[in-house]
Amino acid sequence: MLHRKPFAKILVVLIGILAAVSLLSAEPAQAAAKAKNVIVLIVDGCSAEQYTFARWFKGAPLSFDPYRVGAVKTHIADSVIADSAPAASAFATGLRTSDKFISVGPHKETITGVAAPPEDLRYRPLATVLEGAKLLKKATGIVATSRVTHATPAAYMAHTPSRAAEDDIMEQAVHQGINVVFGGGKRHLVPKEFKGRRIDGDNLYEALKRWGYTIVENKANMQKVTGSRVYGTFAHSHMDPEIDRPRLHPDQPTLEEMTRKAIEILSQDPDGFFLMVEGSQVDWACHANDPAYMLSDLLAYDKAVAVALDFARQDGKTLVLAVSDHNTGGFSIGNYASDGIYPQMKVEALLDPIRKMKSSAAFMWSQIETDKSAARVQSVIKEGWSLDITEDEAGKILDRSKSFKDDAYFVIGEVLCPKYTYVGWTTHGHCGGDVPLHAFGPGKPSGVLGAPEIGRVCAAAMGFDLEKLNRRLFVEAAEAFEAGNVALDKSDPANPVVKIASGGKTAELPVNKNLLKMGEKMYALEGVVVYAPNTGKAYIPLQAVNMIRGIRQSLPKIEN
Ligand SMILES: [Zn+2]
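Just so it is clear, the structure is predicted and the values come from calculations on it, not from any experiment.

### A word on the pairing of strand S4 (residues 180-184)
So, point 1. The element S4 is largely enclosed, with a buried count of 5 among its 5 residues.
So, point 2. Sheet topology note: the strand S3 (residues 139-147)/S4 ladder contains 4 bridges and is parallel. Within S4, the residue paired with Arg 147 across the bridge is Gly 184.
So, point 3. Bridge count for S4 against strand S6 (residues 230-233) is 4 bridges, and the pairing is parallel.

### Concerning the sheet that holds strand S21 (residues 530-532)
So, point 1. Strands sit in the order S15-S22-S21 across an open sheet of 3 strands; the sheet is antiparallel. Of all the strands in the sheet, just strand S15 (475-476) and S21 have a single pairing partner and so form its edges.

### Re the packing of helix H16 (residues 374-385) against helix H17 (residues 391-401)
So, point 1. Where H16 meets H17, the closest approach of the two axes is 8 Å, and the angle between their N-to-C directions is 100°. On the basis of their axis angle, the class for H16 and H17 is roughly perpendicular. For the pair H16 and H17, contact is made by Ala 374, Val 377 and Gln 378 and by Glu 391, Ala 394, Ile 397 and Leu 398, respectively.
So, point 2. Its residues assigned to classes, the contact of H16 with H17 comprises 5 nonpolar, 1 polar and 1 charged.

### Some details on the pattern of salt bridges
So, point 1. Within this structure, the stated rule accounts for 26 salt bridges.
So, point 2. For Arg 55, the salt bridge is made with Asp 65, and the minimal N-O distance between the two is 2.7 Å. Taken as a pair, Arg 55 in helix H3 (residues 48-58) and Asp 65 in the loop between H3 and strand S2 (68-73) lie far apart in primary sequence, 10 residues in all.
So, point 3. Using a relative accessible area of 27% as the deciding quantity, one classes Arg 55 as partly exposed.
So, point 4. Note that Arg 260 and Glu 256 form a salt bridge whose closest N and O atoms lie 3.5 Å from each other. With Arg 260 and Glu 256 both in helix H11 (residues 255-266) and 4 residues apart, this pair spans about one turn of that helix.
So, point 5. For Arg 260, a relative accessible area of 43% translates into the label partly exposed.
So, point 6. The exposure class assigned to Glu 256 is partly exposed, which follows from its relative accessible area of 23%.
So, point 7. Here the salt bridges share partners, and the residues they tie into one network are Glu 171, Arg 198, Asp 200, Asp 202 and Lys 513.

### Here we look at helix H4 (residues 84-93)
So, point 1. In terms of residue burial, H4 counts as a mostly covered element, since 10 of its 10 residues are buried.
So, point 2. Considered for burial, the residues of H4 that qualify are Ser 84, Ala 85, Pro 86, Ala 87, Ala 88, Ser 89, Ala 90, Phe 91, Ala 92 and Thr 93.
So, point 3. Positive phi appears at Gly 94, one or two residues downstream of H4, with a value of about 80°.

### Some words on the coordination of the zinc ion
So, point 1. The protein atoms that coordinate the zinc ion are Asp 283 (OD), Asp 283 (OD), His 287 (NE2) and His 430 (NE2), at distances of 2.0 to 2.4 Å.
So, point 2. Considering all 4 donor atoms around the zinc ion, the spread of angles at the metal, 58 to 152°, places the coordination shape in the irregular class.
So, point 3. Along the chain, the residues donating to the zinc ion are arranged with the sequence spacing D-x3-H-x142-H. Linking His 287 in helix H12 (residues 282-287) with His 430 in strand S12 (residues 430-431), this pair joins segments that are 143 residues apart in sequence. By the burial criterion, His 287 is buried, and His 430 matches it.

### Remarks on the environment of Gly 227
So, point 1. Mapped onto the elements of the fold, Gly 227 is located in the loop between helix H9 (219-224) and S6.
So, point 2. For Gly 227, a relative accessible area of 42% gives the class partly exposed.
So, point 3. In sequence terms Gly 227 and Lys 557 are 330 residues apart; their C-alpha atoms lie 29 Å from each other.

### Things to note about the pairing of S2
So, point 1. Two strands pair when backbone bridges link them, and S2 and strand S13 (residues 435-440) are joined in this way by 4 bridges, in the antiparallel orientation. Among the inter-strand pairings, Gly 70 is bridged to a residue of S13, identified as Leu 437.
So, point 2. As paired strands, S2 and strand S14 (residues 447-450) are joined by 4 bridges and run parallel to one another. Bridge pairing links Ala 71 to Val 448 in S14.

### Remarks on the sheet that holds strand S18 (residues 505-510)
So, point 1. Spatially, S16-S17-S18-S19-S20 is the arrangement adopted by the 5 strands of the open sheet, whose pairing is antiparallel. Both outer strands of the open sheet, strand S16 (486-489) and strand S20 (521-524), are each paired with one neighbouring strand and no more. Adjacent strand axes in the sheet meet at a mean angle of 25° when their direction is disregarded.
So, point 2. In terms of strand pairing, S16 meets strand S17 (residues 497-502) through 4 bridges, oriented antiparallel. Among the inter-strand pairings, Ala 487 is bridged to a residue of S17, identified as Lys 499.
So, point 3. Against the sheet, helix H22 (residues 542-549) contacts S17, S18, strand S19 (515-518) and S20, and its axis sits at roughly 5° relative to S19.

### Remarks on the packing of helix H15 (residues 361-368) against H16
So, point 1. As a packed pair, H15 and H16 sit with axes 10 Å apart at the nearest point and diverge in direction by 150°. Between H15 and H16, the crossing angle belongs to the class labelled roughly antiparallel. The two elements H15 and H16 meet at a crossing, and its hand is right-handed. Across the interface between the two elements, Ala 361, Met 364, Gln 367 and Ile 368 from H15 touch Arg 376, Val 377, Val 380, Ile 381, Gly 384 and Trp 385 from H16.
So, point 2. Partitioned by chemical class, the residues of the contact of H15 with H16 number 7 nonpolar, 2 polar and 1 charged.

### Comments concerning the confidence of the model for the chain
So, point 1. Mean pLDDT over the chain works out to 93, with 94% of the residues at or above the 70 mark.
So, point 2. Below pLDDT 50 for its whole length, residues 4-33 participates in 53 contacts with residues either more than four positions away or in separate chains.

### Observations concerning H17
So, point 1. For H17, the set of buried residues is Glu 393, Ala 394, Ile 397, Leu 398 and Ser 401. Here the buried residues of H17 occupy an arc of 140° about the axis, which is enough to place them on one side. More than 90 degrees from the buried face of H17, the exposed residues found are Glu 391, Asp 392, Lys 396 and Asp 399.
So, point 2. Close packing links the buried residues of H17 with H15, H16 and helix H18 (410-420).

Definitions and cut-offs
Every chain is numbered independently, its residues counted from 1 as its sequence is written. With pLDDT at 70 or above as the cut-off, local features in this predicted model cover only qualifying residues; side-chain atom pairs require 80 or more to be listed or tallied, and sums for whole chains, interfaces and linings still use all residues. Note that water and hydrogens are dropped before the side-chain values are worked out from all heavy atoms of the structure. Summary of the burial criterion: residues with accessible area below 20% of their type's maximum are buried, those above 50% are exposed, and those between are partly exposed, where the area comes from a 1.4 Å probe applied to protein chains only. Secondary structure counts use DSSP, requiring at least four H or I residues in a row for a helix and at least two E residues in a row for a strand, with both numbered from the N terminus. The criterion for strand pairing is that DSSP finds at least two bridges linking the strands in question. Whenever a helix is involved, its axis is fitted only over the stretch in contact; in every case the axis is a line through C-alpha atoms, and angles between N-to-C directions fall within 0 to 180 degrees. Convention used here: angles under 35 degrees read as roughly parallel, angles over 145 as roughly antiparallel, angles from 65 to 115 as roughly perpendicular, and any remaining angle as oblique. For this analysis, residues touch if any pair of their heavy atoms sits within 4.5 Å. Ten residue types, Ala, Val, Leu, Ile, Met, Phe, Trp, Tyr, Cys and Pro, are classed as nonpolar, four, Asp, Glu, Lys and Arg, as charged, and the remainder, Gly among them, as polar. Counted as salt bridges are all cases of a side-chain nitrogen of Lys or Arg within 4 Å of a carboxyl oxygen of Asp or Glu. Sites may look incomplete because water is not among the atoms; the donors themselves are N, O and S atoms within 2.8 Å of the metal, or within 3.2 Å for Na, K and Ca. When four donors show all angles between 85 and 135 degrees the site is tetrahedral, when four or six donors have opposite pairs over 155 degrees and all other angles between 65 and 115 it is square planar or octahedral respectively, and in every other case it is irregular. Throughout, a crossing is termed right-handed when the near helix is turned clockwise from the far one, and left-handed when it is turned anticlockwise from it by less than a right angle. pLDDT is a per-residue confidence score from the predictor, ranging from 0 to 100. Arc definition: directions from the helix axis to the C-beta atoms.

In structure tokens:
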């Protein structure tokens, strides 16, 4: 745990000496742990062919090239093709789960050769390696260029069967006590009256201030900030694509800058740290079949990995993993236009058209949307991608765009890449192949791993056991106290509270928070309270079980 300024007065009352001293296990992390720090960098929706393309464009090896150690099998419990929620959940928890699920157990019998989950695992919150690091008193951090509530970062911070439940995800993230959170997603911190989207009326900025966070909203303030708890929300929704950012929002930090700052803050902790960094938007660029957007975000990720590797090489006690959750777009170097010429293809022929692209397709579409004429399409494409397209092609773009809903901009790359570039795409969705794995430092794996092994490698490197962690963080309340004593109070439907009757008193545990109220006192818990709507089960930390029962005993260790 980082040393931090004493909490604001309200928190001194809130936390209570009882919880802080007698009931929390105070044992330090096991000295035998192989890695003091773990940094996981995930480039969403990317695979080997994109790396090759980025290397040609960079004209030099990628920062992680020397550390390719194997590959990761990406399938999920119920599909051969992964989406980010279950894919990142496997990385975070060491278990395969179902589509849309954020670090909760799978829902049913599976179809990919994965063993069917036992009844009590279904929808059960699965403890994450970030939560384990926290219990070992390590500092923790999350960096992304999407909303921090988006699937990949969410899987490390929260537990819900719906990746769309971003209000719940943000609430859990705020109550996890994560030292550094950098990314987009401001809208899930506040309700409508503060221009946000929360429907429960909570202003989570207030909670962040109570927990002692410094809040930063632009690059300059991020770079100046000191202290051990920093929440950086740099965009209302997602941060900008790297290709548009310098023009549209130069005040947003780059992925590299966020990663460097996060490591600077987290590495102050004498117990070490866990950090997850996501290059969130290579996936979206590939969904859009947009090669320049893909390339600029991939090279931004390359720089962030370089920062992590520089730190790890100097430190010598840091495990760095650089991996993808799945591939997207079926990107290829070569397409039908290169059929006749590929044995003589020059690097410049491949790169020149891409070098001239200065905007994302999404940005260009925002300019076309307001005036859907062929002339407008032609001038926007000329400006953004330096292409002189014909009136016919402009018409084809407008025509084809009608078959997309919110994603009309996908049409630009789909129509123009086959004619004006030598890069190919096979889909606007995800792909099911293995993805390359890069690793450096103590405890690094090798070979072809299943996605869940990434989570187990992280836990093992830090020296803890995910099973023990699960038993400590998520006790089913009705099992501990008997069903008749546990109820979900939905009198405020947007803010449900788990109520537990024990010893003639009632304990209250608000869902998605780390709080326990007994009598007039409020205590901070070491984990969040999770309610599983599909099964009606509530899960609370073992610490809360002991406190409600009045048992003053140290909690079981999670170390191996
Ligand atoms: Zn995707």
